[in-house]
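Fold and geometry: a report
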Amino acid sequence: MESKAARLFLGAWTLMIMLFLFIPIAIIVVYAFNASNIQSWPIAGFSLRWFGETWANEAVRHALWLSVRVALFATTISVVLGSLAAFAVHYYRFPGRESIAFLVVLPIALPGIITGMALSSFFVVTGVNLSILTIVIGHATFCIVIVYNNVIARLRQLPRSLSEASMDLGGDAFYTFRRVTLPMISTSVVSGGILAFALSFDEVIVTTFTAGAQNTLPLWIFGAIRLGQKLPEVNVVVLIVMLFTLIPVLLSYRMMNKAPASAGR
Amino acid sequence: MALDKALPLGEPQQSPLRSLAIAVWRRPALGASALLAGPMGWLVLIYLAALATLFISAFWSVNDFTGEIVHSWTLDNFRQLVESSVYPHIALRTIGIAFAVTLTDIVLAFPLAYFMARIARPKLRAALFAMVLLPLWSSYLARVYAWRLILSHDGVLNWFLLELGLPRAHIGYTNWAMWIVFSYIWLPFMVMPIYAAIERIPGSFLEASQDLGGRGLRTLRKVILPLAMPGVIAGSIFTFSLTLGDYITPVLVGGPGSNFIGNVVFSNVGIANNIPFAAAFATVPLVVMAIYLFIARRLGAFEMM
């Protein structure tokens, strides 16, 4: 329907945007293998030298370990709370039901400094010292929505008749949940959890308000770039963080797209 | 389901768990409250309480000598904000760049979304979909840092310009750099809702417009744009809000004079230890977003999210 010129223009535009989106990412990959410690283009040569040096850096290993623990705890909490909220909203009608979706989304819909600042002043006023616990609380709060969205999307796809059939055949609510509902939604719970992990692993803004003196991996990167120190190591760490978030997301994407066949859509 | 694991035939089973299941079934309120207690407890007792604390502490002050928070009501923080020569400027810069980024992303995203929705074949469309979403999940810091490498004095951009025989550009560490980087980072948030809106437009509408003599651009202006508007607004909520609340990008690619609201808020929490003042300034993006969301809802943007 569109004229030939219009199609050509739109195609070219799409190509340009794709280049715009991916050239910076390609540059990150290239710089991680930079042989020199000078950050100029073109890079001096390819080398794996900085991977070894980065691993030898104790601060980086510490930060990595903290990030992994925070992400695991935050993911666990958000998987439980997000799934529970999704079940309640999907299966029950009650006053204020609409506002629950709103409340769940709020921590990521509001600008990051609002959530960070709110939690920070809350911890100061209630006298809670900043620790790994406060980082986890912050992350879990904005991860709930990721799991919630994933699980409720799957619940909406499920035919109600399946659980009704189970109940007609004598299964009570718990039995039906364990044997019928859970197997059909499990991939959505897992993929929601994976996305929550990726989100937590990469978060900076809220973390800076809740971490105190500790460094997660993104905080280490942020500090190093700001001070202009250890930039060759930053190149490597940035690539690693990217892989840490990208690979789980690809897994989760495959899961969500393969699952519906077995979930009886 | 394997037969040996199926329920036994005959009389209904009796067990405490089963009695509980029956009780919950008869009283749905019980089931709903049991499910909601955890998530709502968390979000209300921690998150809403934190937001309330933020709002209230904006009306407190800090004792200059002891550094302790004084819990008595005052509007001093807001007075200080309005009367200062610096803070209104910072607020305007933040809001201005958030608008510029939003407009830029609309312009960049619209043709792409149109191509995805109406021209690309299913396979190409799926690939483009994945390619637009992928950067979103590949580490925020990595992508900001990449632009630092691109825009710096000896970076990729200047190398490219020199190769072409052009003079160096001095974009690094300026407001221009922030504008480019924010537009880059939040672009996927704009593409998705516009795509969803354009995809919903029935092809027959466009045929009808053309049958009635609407040439390409006229159809675009009179039919497609109005119908895609809710998608554009929905996307703009993300790009606007995310830019408004950011302070990492200004630190990493902005110059010394490119503070955002977030930078002032953060330095007042971390360094100056003046939480009431930081809270007062943080209410500015909160109010701006509240107004923005109110207008967006009137324009029907929430149906696109």
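Within each chain, residues carry numbers counting from 1 in the order of the written sequence. Here chains are named by letter from A upward and ligands by number from 1 upward, in the order in which they appear as written. Local features in this predicted model are restricted to residues of pLDDT 70 or higher, and side-chain atom pairs are both shown and tallied only at a pLDDT of 80 or more, whereas totals for entire chains, interfaces and linings draw on every residue. To get the side-chain values, take all heavy atoms of the structure and skip hydrogens and water.

Attention now moves to the overall build of chain A. The secondary structure listing takes helices from DSSP runs of H or I that are at least 4 residues long and strands from runs of E that are at least 2 residues long, numbered from the N terminus. What chain A contains, in helices and strands, is twelve helices and zero strands. When the backbone C-alpha atoms are referred to their principal axes, chain A occupies close to 70 × 65 × 30 Å. Buried means the residue's accessible area, taken with a 1.4 Å probe over protein chains only, is under 20% of the maximum for its type, while exposed means over 50%, and partly exposed covers the values in between. Expressed as a percentage of the 265 residues in chain A, the buried residues total 54%. Between two residues, a contact is recorded if the distance between any of their heavy atoms is within 4.5 Å. For chain A, contacts bridging at least 24 residues in sequence account for 73% of all contacts bridging at least 6. Mean positive and mean negative side-chain charge positions of chain A (17 and 10 charges, respectively) differ by 5 Å. By the counting rule applied here, Lys and Arg register as positive and Asp and Glu as negative, while His and the ends of each chain are not counted. To locate a charge, take atom NZ for lysine, CZ for arginine, CG for aspartate or CD for glutamate.

Moving on, we get to the interface of chain A and chain B. Taken together, the 87 residues of chain A in the interface contact 89 residues of chain B. Surface buried jointly by chain A and chain B totals about 8100 Å² across both partners, of which 81% is contributed by carbon and sulfur atoms. In what follows, salt bridge is the name for a side-chain nitrogen of Lys or Arg lying within 4 Å of a carboxyl oxygen of Asp or Glu. Where chain A packs against chain B, one counts one salt bridge. Here Asp172 of chain A makes a salt bridge to Arg18 of chain B, at a shortest N to O gap of 3.7 Å. Any pair of N or O atoms that falls within 3.5 Å is considered a polar contact. Within protein, one atom must be able to donate a hydrogen and the other to accept it, and sequence-neighbouring residues count only if both atoms are side-chain atoms. Taken together, the connections running from chain A to chain B amount to eleven residue pairs in polar contact (both at pLDDT 80 or more). A total of 16 residues in the side of chain A that touches chain B trace back to one element, the largest contributor, which is helix 1 (residues 4-32) of chain A. Just so you know the grouping, Ala, Val, Leu, Ile, Met, Phe, Trp, Tyr, Cys and Pro go in nonpolar, Asp, Glu, Lys and Arg go in charged, and all remaining residues, Gly too, go in polar. Along the lines of polarity and charge, the residues of the side of chain A that touches chain B split into 67 nonpolar, 14 polar and six charged. Reported buried area values correspond to the accessible surface (1.4 Å probe) lost by two parts on association, with both partners' losses combined.

The next thing to look at is the layout of surface pockets. Residues are called lining when one of their atoms sits within 4 Å of a cavity or pocket point, these points coming from a 1 Å grid over the protein atoms alone, where a cavity is a set in which a 1.4 Å probe fits but cannot get out and a pocket is an open set with protein on both sides within 12 Å along at least five of seven lines. Grid points are joined across faces, edges and corners, and a volume is the space filled by probe spheres set on the points. Computed from the structure, the second largest pocket encloses a volume of approximately 750 Å³. In terms of lining, the second largest pocket is formed by 20 residues, of which the most central are Tyr91, Tyr92, Met167 and Ala173 of chain A together with Trp25 of chain B. Contributions of two or more residues to the lining of the second largest pocket are made by helix 3 (58-91), helix 7 (160-168) and helix 8 (173-202) of chain A together with helix 1 (16-26) and helix 2 (28-57) of chain B. Here the lining of the second largest pocket is built from residues that sort into 14 nonpolar, four polar and two charged.

Right, let's get into the nonpolar core. Residues enter a nonpolar core if they are buried and are Ala, Val, Leu, Ile, Met, Phe, Trp, Tyr or Cys, with the set joined through side-chain atoms within 4.5 Å. In terms of nonpolar packing, the biggest core is built from 164 residues, with Met117, Ile221 and Val234 of chain A together with Ile248 and Val265 of chain B touching the most fellow members. With ten residues, the next largest nonpolar core counts Ile95, Ile237, Met289 and Ala296 of chain B among its residues.

With that settled, the discussion passes to unusual backbone geometry. Although it is not a glycine, Lys230 of chain A adopts a positive phi angle of roughly 50°. Examined against the element boundaries, Lys230 of chain A turns out to sit in the loop between helix 10 (217-227) and helix 11 (231-258). The backbone of Ser139 of chain B shows a phi angle near 65°, a positive value even though the residue is not glycine. Tracing the backbone through its elements, the reader meets Ser139 of chain B in the loop between helix 5 (122-133) and helix 6 (140-151).

Right, let's get into the confidence of the model for chain B. Scored between 0 and 100, pLDDT is the confidence that the predictor attaches to each residue. Here chain B averages 86 in pLDDT, and 94% of its residues register 70 or above. Least confident of the elements in chain B is strand 2 (residues 69-70) of chain B, whose mean pLDDT is 78; most confident is helix 4 (residues 87-119) of chain B, at 95.

All names here are of chain A. Taken as a whole and assessed by the stated rule, the structure comprises one cavity of 30 Å³ or more. Roughly 30 Å³ of volume is contained in the largest cavity. Taken together, Ser67, Val70, Ala71, His139, Ser200, Phe201, Thr216 and Pro218 make up the full set of residues lining the largest cavity. Those elements that provide at least two residues to the lining of the largest cavity are helix 3 and helix 8. Sorting elements by how many residues they give to the lining of the largest cavity places helix 3 first, with three residues. Here the residues of the lining of the largest cavity are counted per class, giving four nonpolar, four polar and no charged.

This next bit is on a nonpolar patch on the surface. Residues enter patches when they are more than 30% accessible in relative terms and free of salt bridges; like-charged ones are connected within 9 Å and nonpolar ones (Val, Leu, Ile, Met, Phe, Trp, Tyr) within 5 Å. Residue-level accessible areas treat just the shown protein chains as cover; the underlying method is Shrake-Rupley with a 1.4 Å probe. Among the surface-exposed residues, Val287, Ile291, Phe294, Ile295 and Leu299 of chain B lie close enough to one another that they form a single nonpolar patch of about 480 Å² accessible area. Here Ile291 of chain B shows up in helix 13 (residues 275-298).

The next subject is the side chain of Ser121 of chain A. By the secondary structure assignment, Ser121 of chain A is in helix 5 (residues 112-126). One polar contact links the side chain of Ser121 of chain A to the main-chain carbonyl oxygen of Ala118 of chain A, over a distance of 3.1 Å. Not counting the four nearest positions on each side in its chain, Ser121 of chain A is found in contact with Thr53, Leu54, Ser57 and Ile275 of chain B.

Once that is clear, we can look at the environment of Asn235 of chain A. Structurally, Asn235 of chain A is set in helix 11. What Asn235 of chain A contacts, discounting residues up to four positions off in sequence, is Tyr31, Ala32 and Gln39 of chain A together with Tyr145 and Leu149 of chain B.

A few words now on the packing of aromatic side chains. In this analysis, rings of Phe, Tyr and Trp, with Trp reduced to its six-membered ring, are considered paired at centre separations within 6.5 Å, and the interplanar angle assigns stacked below 30 degrees, edge-to-face beyond 60, and tilted for intermediate values. Across all of its chains, the model carries 26 aromatic pairs over all chains by this definition. Between the aromatic rings of Phe197 of chain A and Phe201 of chain A, the centroid separation amounts to 5.9 Å while the plane-to-plane angle is 15°, which identifies the pairing as stacked. Highlighted residues: Phe197 of chain A and Phe201 of chain A, both in helix 8, separated by four residues, approximately one helical turn. By relative accessible area, Phe201 of chain A is classed as buried at 1%. One aromatic cluster is present, formed by Phe209 and Phe222 of chain A together with Tyr247 and Phe266 of chain B through successive ring pairs. In our convention, an over-ring charge means Lys NZ or Arg CZ found within 6 Å of a ring centre and within 35 degrees of that ring's normal. Lying across the ring of Trp55 of chain A, Arg61 of chain A places its NZ or CZ 5.6 Å from the centre. Lying across the ring of Phe222 of chain A, Arg226 of chain A places its NZ or CZ 4.8 Å from the centre.

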